[in-house]
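A look at the structure
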Amino acid sequence: MKLPILLITLVAMVAAKSAPGRMAARYDHFRIYQLTIETNLQMEELKKIHEHISVHFLNELGAVGNKYNVIVGPLFHRALEKTLKFLEIVYEVIVDDLQKLIDESSVGDDSQMEWETYHTLDTIYDWIDQECAAHDFLECKVIGQSYEGRDIKSIRLSKRSGNKAIFLEGNIHAMEWISSATVTFLLNQLINSEDPEMQRLSEEYDWIVVPMVNPDGFVYTHEVERLWRKNRRPNGYRNESGDCYGIDMNRNFDYHWGGAGWNIDEPCDHWFGGEEPNTEVEIISLQNFVSSFEDGYIRSYMAYHAYGQYVLLPYGHSNTEFPPNYEQMKRIAAAFSDAAADVYGSTFTYGASGLLNYVVSGAAKDWAYGVKKIPFTCTVELRDKGTFGFFLPSNQITEVGLEVTAGLKALVNKAAEEGIFD
């Protein structure tokens, strides 16, 4: 098995561990280039570019006709631009200094939970514990521990018996901080909002929330490496940098596992899906928790990710195979998209992920649909479309929460109209 290295040059990076809110790895004067890939030849050459230029791909390389973002250190700016011009690849520098952007999306006042800044795991979990203690309609459990022994917490909101349930999943990818920020924003709305529509939704449906599937990776992004995606289990492989860590847990679910996806078989890459499915304790804990409920109780499963502004439906493993109720699912996703756009104008594209985004196997939404037979599942890719990407400034958290809240209201109402909860 070959082990290509998609590394960032270590120039201008500080290795010493820092306090929360400051990153150990620094990216002063690192740029993010957005490349428009128009031909198969350009795509093939882009896949080989790491052989002579140190780059970090922020997107999985998939179909021609899309834009892809790469991080490049200051020593390689000129070499990259020369190569791109030779290949006639249209590019734009969308971030001139990555460290400044990271600083803008770092943890601010972490003393209490609110949605004007990002927070550490301890603050998020403290808030969950406080809410659980304050409300008797919340049932809170630890569904398992991560590889490094951190709790994976769940919250079930149920105000009356006989309801069907909606499942919200957050932060399976460590670097996607806006995911858990949004999921906790939604949970707070369901618990504490005085909005009559949110109160109705919290009465008529049960809500099951796992806001932090990947606590080890999340803590690592706060304390060591902001760009980390996977969990933190050593995966048994090495390259010239040392031991390789982690599995992309959204490639590890046992539904069409391993069938498609760029670099899912490369252990030292960001998208490694594991040597077999269901290898990660975090994923097993999540699956066991979902399976602990009676069949037919959970009627919708929504996983929140960054970025791109999509509502991605099954399936991910194919761009020619679609769910039997795909047209129904599109109508429900369209309701989310229309309502979310009404708030701040953010447009969410919807459709099968293998068709819209890229073909990849082993995702949570596909497992929930294909194995657990949950009739509406999706991945919601949050803001933005690439300007800030994974490093969305904290001053946009509340806006994201409000537009997603509007989208969620419309989605649930349309799903009810379509008979999803019958």
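The sections below set out a description of the structure shown in this document. From a predicted model like this one, the values you see are computed outputs, not experimental measurements.

1. Things to note about the sheet that holds strand β1 (residues 31-36)
Pairing is antiparallel in the open sheet, where 4 strands are placed in the order β2-β3-β1-β4. In this open sheet, the two strands that pair with only one neighbour each are β2 (55-57) and β4 (90-95). Neighbouring strand axes in the sheet, compared pairwise and without regard to direction, differ in orientation by 30 degrees on average. The strands that helix α2 (residues 77-86) touches are β1, β3 (67-72) and β4; relative to β1, the one it contacts most, it runs at about 5 degrees.

2. Notes on the sheet that holds strand β5 (residues 138-145)
Pairing is mixed across the open sheet formed by 8 strands, whose spatial order is β5-β6-β8-β7-β11-β14-β12-β13. Sheet topology places β5 and β13 (349-352) at the edges, where each strand pairs with a single neighbour. Averaged over all pairs of adjacent strands, the angle between strand axes in this sheet comes to 20 degrees, irrespective of strand direction. Sheet analysis places strand β6 (residues 151-157) next to strand β8 (residues 206-210), joined by 3 bridges and oriented antiparallel. Pairing of R156 across the sheet is with I208, part of β8.

3. So, the state of the cysteines
A covalent bond between the sulfur atoms of two cysteines is referred to as a disulfide. Under the definition given, this model contains 2 disulfides. Two residues share a disulfide in this structure: C132 and C140, whose sulfurs sit 1.7 Å from each other. A torsion of -80 degrees about the S-S bond marks the disulfide between C132 and C140 as left-handed. The class of C132 is buried, set by a relative accessible area of 17%. Each sulfur in the disulfide pair C244 and C268 lies 1.8 Å from the other. The S-S bond linking C244 to C268 shows a torsion near 75 degrees; that makes this disulfide right-handed.

4. Some words on the packing of aromatic side chains
One pass over the structure, following the stated rule, counts 19 aromatic pairs. By way of ring pairs, the aromatic residues F167, F289, F293, Y297 and Y301 are connected into one cluster. For K159, the ring lying beneath its charged end belongs to F137, and the centroid distance is 4.7 Å. Over the ring of Y245 we find R232; its NZ or CZ atom is 4.5 Å from the centre of that ring.

Conventions we followed
Residues numbered from 1 in each chain as written. Predicted model: local features only at pLDDT ≥ 70, side-chain atom pairs only at ≥ 80, totals over all residues. Heavy atoms only, no water. Pairing = 2+ DSSP bridges. Helix = DSSP H or I, 4+ residues; strand = E, 2+ residues; numbered from the N terminus. Axes fitted to C-alpha atoms, helices over the stretch in contact; angles between N-to-C directions. Contact = heavy atoms within 4.5 Å. Disulfide = S-S within 2.5 Å. Buried < 20%, exposed > 50% of the residue type's maximum accessible area, 1.4 Å probe, protein only. Phe/Tyr/Trp six-rings, centres within 6.5 Å; stacked < 30°, edge-to-face > 60°. Lys NZ or Arg CZ within 6 Å of the ring centre and 35° of its normal.

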